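Each chain, written out:
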There are 2 protein chains.
Amino acid sequence: MATAEITRQSVVPDLDLDELDSVLGLHIGTVNTLFVTRLEKRLDPMSVTPKQVAILWLVNANPGVKQTDLSKFFQIERPTVHQFVRQLIKNGYLLNEPSKLDRRAGGLWLTDEGRDVLGRARLAIAEHETELTSSLTAREKSELFRILMKLYLSAPAKD
Amino acid sequence: MATAEITRQSVVPDLDLDELDSVLGLHIGTVNTLFVTRLEKRLDPMSVTPKQVAILWLVNANPGVKQTDLSKFFQIERPTVHQFVRQLIKNGYLLNEPSKLDRRAGGLWLTDEGRDVLGRARLAIAEHETELTSSLTAREKSELFRILMKLYLSAPAKD
DNA sequence: TATTGTTATACTCTATAACTATA
DNA sequence: TATAGTTATAGAGTATAACAATA
């Protein structure tokens, strides 16, 4: 007897999917929503969002970093980065000190409170990731990382 | 000589990632954004969004389907489904015909224009998916589907 | 001219709370 | 009581356009 293949069909058995489930973007989107909504709830006590934590994380490891560099790393536009930065400054987690070498640029630093929040958020993320990937073998996990990285690095330019 | 490992580090070489790149959610989010923003541009001429197309797709394959079933399939709340449905009705792509068996429920149907838009959107999606996954082998593609499905089906309940 | 940061605005996707109508 | 749909509201993440200040 063959092992039953596990598909999204099983969620709503009477629904004809008409090959919608062969669209990769659908599955990436669903899994992304899964990760984000679960993590948002875990981070709620720290009053930060997943993306805000990622910003804190890099500012902590790179004191004085510019918004432009964060924009490049996350592959999002500068005004988008700025929105997170503004919120984090407003909440007292981040400081913006203008650079003395290039007065256009500003360097970002964590406050003590920002460092504390980041520490707690990292623990929450570690738990969250462990929980959501517990069904995967070590090999599946590393394959997933490798394939996502390949997709990311080979993506055609935006325009 | 070893093959250089390809990582996100290479995008901004001077940035210390401090193991942020070992967070799976980061990569899923980035690849998701990549897929969504590219697809949105391709669908722009048809005046539909990715999620709207997914709704049209299932309504087309399941004439008279209820919003509740779409909610279950996509794992999103009913008001969220409703928002897409309302927009699609407003744009003339969808019709809502109240059920005669259960007057609480409504059945959804495509208009001729909705069918036309869906047809063109499916072609756009096919091109888009081919382009974004062209760097993957057939085996990598099927592994990716399988692993994402595993993550999706094993996810702990929301609350 | 090019770069950095900023402001204003808008869009997509998602959620919760509270309601109506029907079963 | 429970289900189907709806309305109102809000929040997270993203984008583009346009601008000031500086290089």
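Right above here is the structure, for reference.
Residues numbered from 1 in each chain as written. Chains lettered and ligands numbered in written order. Predicted model: local features only at pLDDT ≥ 70, side-chain atom pairs only at ≥ 80, totals over all residues. Heavy atoms only, no water.

Undergrad: Please set out the overall build of chain A residue by residue, giving values where relevant.
TA: Within chain A, the secondary structure is distributed over six helices and two strands. Starting at the N terminus and ending at the C terminus, chain A contains elements arranged as α-α-α-α-β-β-α-α. Overall, the C-alpha framework of chain A stretches about 70 × 40 × 30 Å when taken along its three principal axes. When each of the 159 residues of chain A is scored for burial, the buried share is 43%. In chain A, 52% of the contacts between residues at least 6 apart in sequence involve partners at least 24 apart. A total of about 8700 Å² of accessible surface is found on chain A, and carbon and sulfur atoms cover 52% of it. (Helix = DSSP H or I, 4+ residues; strand = E, 2+ residues; numbered from the N terminus. Buried < 20%, exposed > 50% of the residue type's maximum accessible area, 1.4 Å probe, protein only. Contact = heavy atoms within 4.5 Å. Areas by Shrake-Rupley, 256 points an atom, 1.4 Å probe, with all protein chains shown as cover.)

Undergrad: Which residues make up the packing of aromatic side chains, and what values do they have?
TA: Centre-to-centre distance and the angle between the planes together describe a pair of aromatic rings. Applying the stated rule across the entire model yields two aromatic pairs over all chains. Taking the centre distance of 5.1 Å and the plane angle of 75° together, the rings of A:Phe73 and A:Phe74 count as edge-to-face. Given the relative accessible area of 0%, A:Phe73 is considered buried. The side chain of A:Arg8 reaches across the aromatic face of B:Phe73, ending 4.7 Å from its centre. Over the ring of A:Trp57 we find A:Arg122; its NZ or CZ atom is 4.0 Å from the centre of that ring. (Phe/Tyr/Trp six-rings, centres within 6.5 Å; stacked < 30°, edge-to-face > 60°. Lys NZ or Arg CZ within 6 Å of the ring centre and 35° of its normal.)

Undergrad: An account of the side chain of B:Gln67 is needed here, citing residue identities and associated values.
TA: Residues and elements named next belong to chain B. For Gln 67, the location among the structural elements is in helix H3 (residues 67-74). The class for Gln 67 is buried, based on a relative accessible area of 18%. Of note is the side chain of Gln 67, whose polar atom sits 3.3 Å from the side chain of His 82. Setting aside anything within four residues of it in sequence, one finds Gln 67 in contact with Val 81, His 82, Val 85, Asn 96 and Leu 108. (Polar contact = N/O pair within 3.5 Å; in protein donor to acceptor, adjacent residues only side chain to side chain.)

Undergrad: An account of the side chain of B:His128 is needed here, citing residue identities and associated values.
TA: Relative to the assigned elements, B:His128 resides in helix H5 (residues 112-132). Excluding residues that lie within four positions of it along the chain, B:His128 makes contacts with B:Phe35, B:Arg38, B:Leu39 and B:Arg42.

Undergrad: Give me the protein's contact with DNA strand C: which residues, what numbers.
TA: Not every one of the 25 residues close to DNA strand C is listed here, only the nearest: A:Gln67, A:Arg78, A:His82, B:Thr49 and B:Gln83. Here DNA strand C approaches the protein such that, of its atoms within 4 Å, sugar and phosphate make up 64%. In this structure, a phosphate oxygen belonging to DNA strand C sits 2.6 Å away from a side-chain N or O atom of A:Gln67. Of all elements in the fold, only helix H3 (67-74) and helix H4 (78-90) of chain A together with helix H2 (50-61) and helix H4 (78-90) of chain B reach the threshold of two or more residues within the surface near DNA strand C. When residues of the surface near DNA strand C are assigned to their parent elements, the largest contribution, four residues, is made by H4(B). When grouped by side-chain class, the residues that make up the surface near DNA strand C number six nonpolar, nine polar and 10 charged. (Near = heavy atom within 4 Å. Nonpolar A, V, L, I, M, F, W, Y, C, P; charged D, E, K, R; others polar.)

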